[in-house]
Amino acid sequence: MLRVTTRIPVRGDRPYDVLVGRDLAKHLPELIGGAARTAVLFAAPLRERAETVARELPSPLLIEVPDAEAGKTVEVAARCWDSLGAAAFTRTDVVVGVGGGAVTDLAGYVAASWLRGVRWVPVATSLLGMVDAAVGGKTGVNIGAGKNLVGAFHPPAGVLCDLDTLDTLPADDLVAGMAEIVKCGFIADPVILDLVEASPAAAIDPAGPALRELVERAVQVKADVVGRDLRESGLREILNYGHTLGHAIERREAYAWKHGHAVSVGLIFAAALARLAGRIDDALFERHRAVLTSLGLPTGYPADAWPELLPAMRVDKKTRGDLLRFVVLDGLAQPGILEGPEPETLARAYAEVAR
C-alpha cells in the first residue's frame, strides 16, 4: 500500500496545499503554526478520529455537532460560536473540521465568521469530503429555502485527505462520493472515466491504487478551477455540473438523500438537456448512464416529483433573476452554460430521469 504523501497545490490569492495519503494527522502542526488553541468540530461517529487528530494540536477544544446535514445549520453554527467565545478564541487560533462534507462546510463557515475570519483546516474523512467539500474554500450552512444559501468563501490553511479513513467508510458512502469524481471526468479529465470503465470494482476499492488515483485526479481538477476562480464569478460554475437538479432533490428529500446520489441523478438530467439542445450526441449521453450505473449510483427519480423540483431549481445560485442556467457539456471535457431552456425542454429532459 502506497504510503507516500501527494501534495496538490491550490493557487490563487490565498494558496494552500491539499495532502492526499495515509497517516496525515502528523502534518497538522505545519499547517497551524502559531496557534495557541484549536477547536476540533466533529460528529459523534468520528469521536475516536477527532481525538486522534486532537493529540497533534495545541490546547484542543472538542466540539461535537450533529451528524451529516443535521449539523449544517445556523443554529449549530451559533452553538459553535458560543463555544469559541467561552474559550476566548482569538484571530491567531484555528478551527479544524474532522468529518465528511457537512462537518467541513460547517467548520469552514464557523471559522469564516468568527472574528471575521480565522484559520481553519478540513480533515476530510469521506470520499465526498475529499474530492468536493474540503477543497475550494466554499463554506456554508443550509436554510429552509435551500442548500448552501448562507456561507462565505474562506480558503483553508491546508486540506488533509487521509485515505486511511476510506478503509472503514460504509460502502454506500464510498459509492456516493464517486458521483463527484465522475463529474470531474465529464467536465475536465476523461481519464477518470477510463479508469472507472476499466474496472468499476477497482475504482471503489479503498486498498487499491485506482481509487487513490481517482481522488488525486478529482482534487487536481477542482484545484485547477478554484485556483483561477475562487468566488465562482465564471469558470468555477462548471463544478456545479449536475448540481442544479441534485440540490433540488436534496431539498425535496429534506436532505435524507446522500449528496452524491442526488448529483448522480442531476448528471443524467444535465446530459439530457445538452442532448436536447444539440450540444452532445447520444453516445455521450448514454456514457453518463453507463458509468454511473456501473458504480451502483442512482440515475432515476419519481416522475411525480417534477412540479416540486422545478421551483426548487429556481433558487439555485446560478439562476439570474427568472433565468434558469445549467452547466452542460458541448462535448467531453467541454463544459458550458445553457441559459433559459424552455419549460417543455426541461420536462423532456426530466423524462429521461423519470423513466
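Residues numbered from 1 in each chain as written. Predicted model: local features only at pLDDT ≥ 70, side-chain atom pairs only at ≥ 80, totals over all residues. Heavy atoms only, no water.

Glancing now at the overall build of the protein. The secondary structure content of the protein amounts to 14 helices and 11 strands. Over its C-alpha trace the protein gives a radius of gyration of 20 Å, about what one expects of a compact globule, namely 20 Å for 355 residues. The dimensions of the protein, computed from C-alpha atoms along their principal axes, are 60 × 45 × 35 Å. Within the protein, the fraction of its 355 residues that count as buried is 55%. For the protein, the share of sequence-separated contacts (at least 6 apart) that also reach a separation of at least 24 residues comes to 70%. Accessible area of the protein: about 13600 Å², with a carbon and sulfur share of 53%. Looking at charge distribution, the protein has the averaged site of its 38 positive side-chain charges lying 4 Å from that of its 45 negative ones. (Helix = DSSP H or I, 4+ residues; strand = E, 2+ residues; numbered from the N terminus. Rg over C-alpha atoms; globule rule 2.2 N^0.38 Å. Buried < 20%, exposed > 50% of the residue type's maximum accessible area, 1.4 Å probe, protein only. Contact = heavy atoms within 4.5 Å. Areas by Shrake-Rupley, 256 points an atom, 1.4 Å probe, with all protein chains shown as cover. Lys, Arg positive; Asp, Glu negative; His and termini not counted. Charge placed at Lys NZ, Arg CZ, Asp CG, Glu CD.)

Per the stated rule, a full pass over the model turns up 5 aromatic pairs. Aromatic pair Phe269 and Trp306: ring centres 6.0 Å apart, planes at 45°, arrangement tilted. Here Phe269 is found in helix α11 (residues 259-276), whereas its partner Trp306 is found in helix α13 (residues 306-313), with 37 residues between them in sequence. Just as Phe269 is buried, Trp306 falls in that class too. When the ring of Trp306 is compared with that of Tyr350, the centres are 4.8 Å apart and the planes differ by 25°; the resulting orientation is stacked. Placement of Trp306 in helix α13 and of Tyr350 in helix α14 (residues 343-354) is noted, with a sequence separation of 44 residues between them. Tyr350 shares its class with Trp306; the two are buried. Feature note: the residues Phe269, Trp306, Phe326 and Tyr350 constitute an aromatic cluster, connected by ring pairs. (Phe/Tyr/Trp six-rings, centres within 6.5 Å; stacked < 30°, edge-to-face > 60°.)

Between α11 and α14, the least distance of the axes is 8 Å, while the angle of their chain directions is 130°. As the angle between them shows, α11 and α14 are arranged oblique. The hand of the α11/α14 crossing is right-handed. Across from Val265, Ile268, Phe269, Ala272, Leu273, Arg275 and Leu276 in α11, the residues of α14 making contact are Thr345, Leu346, Arg348, Ala349, Tyr350, Glu352 and Val353. (Axes fitted to C-alpha atoms, helices over the stretch in contact; angles between N-to-C directions. Parallel < 35°, antiparallel > 145°, perpendicular 65-115°, else oblique. Left-handed = near helix turned anticlockwise from the far one by under 90°.)

Turning next to the pairing of strand β11 (residues 335-339). Side-chain alternation along β11 places Gly336 and Leu338 on a buried face and Pro335, Ile337 and Glu339 on a face that remains uncovered. Summarising the sheet, strand β10 (residues 325-329) and β11 pair through 5 bridges and their orientation is antiparallel. Across the sheet, residue Val327 finds its bridge partner in β11, namely Ile337. Hairpin geometry of β10 and β11 is characterised by an intervening segment of 5 residues between the two adjacent antiparallel strands and by a positive phi of about 150° at Gly331. (Pairing = 2+ DSSP bridges.)

This brings us to the nonpolar core. In this structure, Val18, Leu127, Met178 and Phe269 are the most contacted members of the largest nonpolar core, which totals 78 residues. If you tally residues by element for this core, the top one is α11, at 11 residues. Counting residues in hydrophobic clusters, the runner-up holds 21 residues, among them Ile63, Val65, Val95 and Leu106. (Core = buried A, V, L, I, M, F, W, Y, C linked by side-chain atoms within 4.5 Å.)

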